[in-house]
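Each chain, written out:
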Amino acid sequence: MRKFHVVSDYEPSGDQPQAIEKLARGFLNGDKYQTLKGVTGSGKTYTMAKIIEAVQRPTLIISHNKTLSAQLYREFKTFFPDNAVEYFVSYYDYYQPEAYVPARDLYIEKDASINKEIDRLKMAATYSLMERRDVIVVATVSCIYGLGMPELYKDMRIHLEKGQMLDTHKFALSLSEIQYQRNDAVLDRGNFRIRGDVIEVFPPYLEFEEAYRIELDFDEIVRIRRYNVISGEVKEDLDETVIYPAKQFVVPHETLTIATERIQAELEARLEELNSQKKLFEAERLKTRVTYDIEMMKEMGYCSGIENYSAPIAGRKKGEPPATLLHYFPDDFLCMIDEAHVTVPQIGAMYEGDRSRKQNLVDFGFRLPSALDNRPLKYDEFSKKMNQVIYVTATPRPQEIEQSTQVVEQIIRPTGLLDPIVEVRPTEGQMQDIYKEVQERIAKKERSLILTLTKKMAEDLTDYLAGLSLKVQYIHSEIDTFERVEILKKLRSGEIDVLIGINLLREGIDLPEVSFIALLDADKIGFLRSTTSLIQIIGRAARNAEGKVVMYADRMSDAMKEAIEETKRRRSIQEAYNREHGITPKTIKKAVEDILEHEKEEAKENADVEMEAIVQKSNLLVPAQRKKLIAALKQEMMEAADRLDYEMAAALRDKIRDIEATYGK
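Because the structure is predicted, anything quoted here is derived from the model rather than measured.

(A) Broad picture of the packing of helix H1 (residues 16–28) against helix H2 (residues 44–55). Where H1 contacts H2, the axes come no closer than 9 Å and their chain directions differ by 40°. Looking at the two axes, H1 sits oblique to H2. Pair H1 / H2 crosses with right-handed handedness. Where H1 approaches H2, its residues Gln16, Ala19, Ile20, Leu23, Ala24, Phe27 and Leu28 are matched on the opposing element by Tyr46, Thr47, Lys50, Ile51, Ala54 and Val55. By residue class, the composition of the contact of H1 with H2 is ten nonpolar, two polar and one charged.

Structure (structure tokens):
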């Protein structure tokens with residue numbers, strides 16, 4: 001078994017060594033709950049990686065949104081290049097759940113757009129958990145939603161080895177049963193094809209466009225190869241391999257037959273109940289829909305919305321929890337919950353929201369009562385499934401602290417940077433004061449953040465400051481994710497000097513250029529000005545050696561007092577450490593250029609991969625094919641520019657120029 005090994009250019013420093021040692025020891029001693037209380041910029045992610053290396057257990061890392069999960073996934077892929085780091089989030093780019101609004105007699109059909117790459121990554125996660133132990137899965141709360149049963153997923157895999165006798169017809173039927181589709185013309189993910197004595201299977205979970213080629217000689221397997229589908233290059237000769245199902249929700253034919261009998265029995269009982277309540281219209285609607293679904297399952301082994309029948313298919317009793325990603329982990333796994341003060345409440349809220357929507361569907365004859373059991377886990381079910389948990393947050397809630405055997409603080413930053421100075425100023429004349437502070441930051445080529453309570457206030461303040469010739473922009477929930485990234489990049493690179501928002505905590509990024517934060521209406525009561533929020537906001541200025549936060553308020557709220565005292569406590573500890581070790585805090589000046597350069601390099605690598613895939617299908621020496629290739633690349637370049645992916649567009653442009661310079665137009 002491969003061991004977890006962190007690959008990094010630096011060693012633990014500051015508070016990291018003691019945090020790693022204490023939490024790893026606590027885990028190995030069997031502590032159920034622990035908390036890593038790490039300030040912004042203290043290197044919590046690196047500490048998490050070193051804990052995994054120390055305990056050597058399969059690990060689930062849960063974050064509260066896709067953006068932060070993607071960031072963690074990239075970082076852990078870098079830390080663990082030799083281990084399986086997987087990504088498990090909702091595979092929908094767009095998702096409209098099935099719903100019914102009784103007040104308007106409005107039925108909303110389920111509508112979704114599936115992201116194929118994220119679907120592949122989800123499949124890769126379950127595949128890795130079945131095959132190895134050196135696995136880290138970075139997930140959102142989608143990991144508590146129903147998934148196919150791990151026992152069936154494992155039992156339905158197909159094992160192949162050299163020397164084995166293989167009936168081609170039976171093998172094709174077995175592949176079809178685990179949801180692979182035959183296509184002898186084009187080999188795509190989830191497909192297989194048979195050409196004489198050669199069978200090619202393209203599992204949807206393999207990385208790098210790789211498939212298996214099984215070669216037969218009089219029904220005996222003589223060679224098994226893993227090869228690149230695009231280039232045809234053989235990557236590895238294998239003595240044996242295992243092919244897992246093409247979908248996570250797979251059911252053997254015999255199980256499905258028994259399940260349809262259960263569904264039919266439930267339908268008859270429910271129809272009797274509806275008819276006794278004089279709900280004749282609802283009864284007829286339910287009968288039509290479920291009868292059709294049963295027929296589809298019998299004929300095709302599948303039906304639209306089959307997940308709503310997961311309870312009778314699995315044979316679960318009423319109210320029993322569904323199988324989830326957690327059920328794929330071995331019993332001794334480690335769970336780390338990132339930004340636990342947000343993620344844990346989110347996990348607890350999932351069940352009720354799902355239940356209220358589905359109850360209407362059941363009451364009005366759109367679904368059977370068992371559809372209610374296709375659901376996320378309740379929080380107590382989630383807790384029971386956990387082995388050992390480390391909460392990771394700068395601001396743990398009382399619940400996390402009470403549960404934890406130990407709360408390990410990580411206050412000292414490897415960079416020596418301090419928590420910012422916090423001042424409270426009156427609201428009278430606050431705009432003039434903010435303008436003066438912002439101008440001072442502009443003179444030093446530093447940036448500023450202003451936090452308001454409403455979208456309207458953010459927009460109006462943006463107009464006001466723009467009228468004073470400041471380079472300013474606002475950001476809030478109505479701005480899409482891609483545009484948010486562009487705005488933050490502009491802030492960091494200096495195209496804008498001031499960013500105005502409501503809750504800039506959700507960005508999940510570091511802003512070392514920000515040295516000033518103005519907090520309007522700091523004394524207002526509410527979650528945006530709670531102790532937790534205030535501490536998180538103050539942390540946004542902790543990446544700059546000159547960091548300062550000014551709270552504009554006419555009184556001192558309890559939340560303000562607690563946040564200021566906690567910041568002073570941390571700052572005094574950090575100053576004492578720096579004095580003892582002779583450290584002078586310095587802002588990292590090259591961060592923006594490094595990130596932008598990394599993006600350019602990543603775009604160039606992506607373009608190289610796409611280019612290689614297209615070039616394999618073209619002969620550049622043939623003018624007609626060369627012309628067709630250049631046209632295809634130009635189309636991709638324009639599409640990249642349309643979605644504002646200028647790094648990718650520029651990389652494709654350079655590729656086109658290289659071809660034209662080498663082979664002619």
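Next comes the rest of the description.
(B) The pairing of strand E17 (residues 334–338), seen in detail. Counting buried positions along E17 yields five of five residues, so the element is predominantly enclosed. Residues Leu334, Met336 and Asp338 line one face of E17 and the alternating positions Cys335 and Ile337 line the opposite face, and both faces are buried. One ladder, built from four bridges, connects strand E2 (residues 59–62) with E17; its direction is parallel. The residue of E17 that forms the bridge with Ile61 is Met336. Across five bridges, E17 lies against strand E18 (residues 388–393) in parallel orientation. In the strand pairing of E18, Cys335 is matched with Val389.

(C) Structural view of the sheet that holds strand E8 (residues 135–139). The seven strands are arranged E3-E8-E2-E17-E18-E1-E19 in an open sheet whose pairing can be described as parallel. Every interior strand has two partners, whereas the edge strands, strand E3 (84–88) and strand E19 (407–410), have only one. If you compare each strand with its neighbour and ignore which way they point, the axes differ by 20° on average. In the packing of helix H3 (residues 66–79) onto the sheet, the strands contacted are E2, E3, E8 and E17, and the crossing angle to E3 comes to about 170°.

(D) Helix H7 (residues 253–276), seen in detail. Along its 24 residues, H7 runs 35 Å from first to last C-alpha, staying within 8% of the 34 Å computed at 1.5 Å per residue. Residues of H7 that are buried include every one of Leu256, Ala259, Thr260, Ile263, Leu267, Arg270, Leu271 and Leu274, and no others. Buried residues along H7 sit against helix H8 (280–300), helix H9 (310–314) and helix H10 (340–363).

(E) A look at the packing of aromatic side chains. Across all of its chains, the model carries 17 aromatic pairs by this definition. Taking the centre distance of 5.8 Å and the plane angle of 5° together, the rings of Tyr33 and Tyr391 count as stacked. With Tyr33 in strand E1 (residues 33–38) and Tyr391 in strand E18, this pair connects stretches of sequence that are 358 residues apart. Ring geometry for Tyr46 versus Phe79: centroids 5.6 Å apart, planes at 55°, classification tilted.

(F) The packing of helix H16 (residues 531–539) against helix H17 (residues 558–581), seen in detail. Between H16 and H17, whose axes approach to 8 Å, the crossing angle comes to 40°. Between H16 and H17, the angle falls in the class oblique. Seen from above, H16 lies across H17 with right-handed handedness. Contact residues: Thr531, Leu534, Ile535 and Ile538 in H16; Ala559, Met560, Glu562, Ala563, Glu566, Thr567 and Arg570 in H17. Each residue belonging to the contact of H16 with H17 can be placed in one class, and the counts come to six nonpolar, two polar and three charged.

(G) Representation of the side chain of Ser310 in the model. Position of Ser310 relative to the elements: it lies in helix H9. For Ser310, a relative accessible area of 9% puts it in the buried group. Among the polar contacts made by the side chain of Ser310, one reaches the main-chain carbonyl oxygen of Glu307 at a distance of 3.1 Å. What Ser310 contacts, discounting residues up to four positions off in sequence, is Phe249, Arg316, Asp373 and Asn374.

(H) Layout of the sheet that holds strand E15 (residues 234–238). What the six strands build is an open sheet, ordered E10-E11-E12-E13-E14-E15; its pairing is mixed. Lying at the two open borders of the sheet, with one neighbouring strand each, are strand E10 (181–182) and E15. Of the strand pairs in this sheet, E10 and strand E11 (residues 191–195) are connected by two bridges, and their pairing is parallel. Directly across from Gln181, in E11, lies its bridge partner Asn191.

(I) Examining unusual backbone geometry more closely. One non-glycine residue, Asp219, lies in positive phi territory at about 70°. Inspection of the secondary structure assignment puts Asp219 in the loop between strand E13 (210–217) and strand E14 (220–228). Positive phi outside glycine occurs at Glu339, with the angle close to 45°. Here Glu339 lies in the loop between E17 and H10.

(J) The arrangement of the environment of Gly232 in detail. Within the element layout of this structure, Gly232 appears in the loop between E14 and E15. Separated by 129 residues in the primary sequence, Gly232 and Ala103 place their C-alpha atoms 58 Å from one another.

(K) Representation of the state of the cysteines within the structure. Enumeration over the complete set of coordinates arrives at zero disulfides. Of the cysteine sulfurs around Cys143, a residue in no disulfide, the closest is that of Cys335, at 7.3 Å.

(L) Looking closely at the pairing of E3. The buried fraction of E3 is high, at five of five residues. Here E3 shows no split at all, with Ala84, Glu86 and Phe88 on one side and Val85 and Tyr87 on the other all buried. Both E3 and E8 contribute to a ladder of five bridges, which runs parallel. By the bridge assignment for E8, Glu86 is matched with Val137.

Thresholds, definitions, all that
Residues numbered from 1 in each chain as written. Predicted model: local features only at pLDDT ≥ 70, side-chain atom pairs only at ≥ 80, totals over all residues. Heavy atoms only, no water. Axes fitted to C-alpha atoms, helices over the stretch in contact; angles between N-to-C directions. Helix = DSSP H or I, 4+ residues; strand = E, 2+ residues; numbered from the N terminus. Parallel < 35°, antiparallel > 145°, perpendicular 65-115°, else oblique. Left-handed = near helix turned anticlockwise from the far one by under 90°. Contact = heavy atoms within 4.5 Å. Nonpolar A, V, L, I, M, F, W, Y, C, P; charged D, E, K, R; others polar. Buried < 20%, exposed > 50% of the residue type's maximum accessible area, 1.4 Å probe, protein only. Pairing = 2+ DSSP bridges. Expected span 1.5 Å × (residues − 1). Phe/Tyr/Trp six-rings, centres within 6.5 Å; stacked < 30°, edge-to-face > 60°. Polar contact = N/O pair within 3.5 Å; in protein donor to acceptor, adjacent residues only side chain to side chain. Disulfide = S-S within 2.5 Å.

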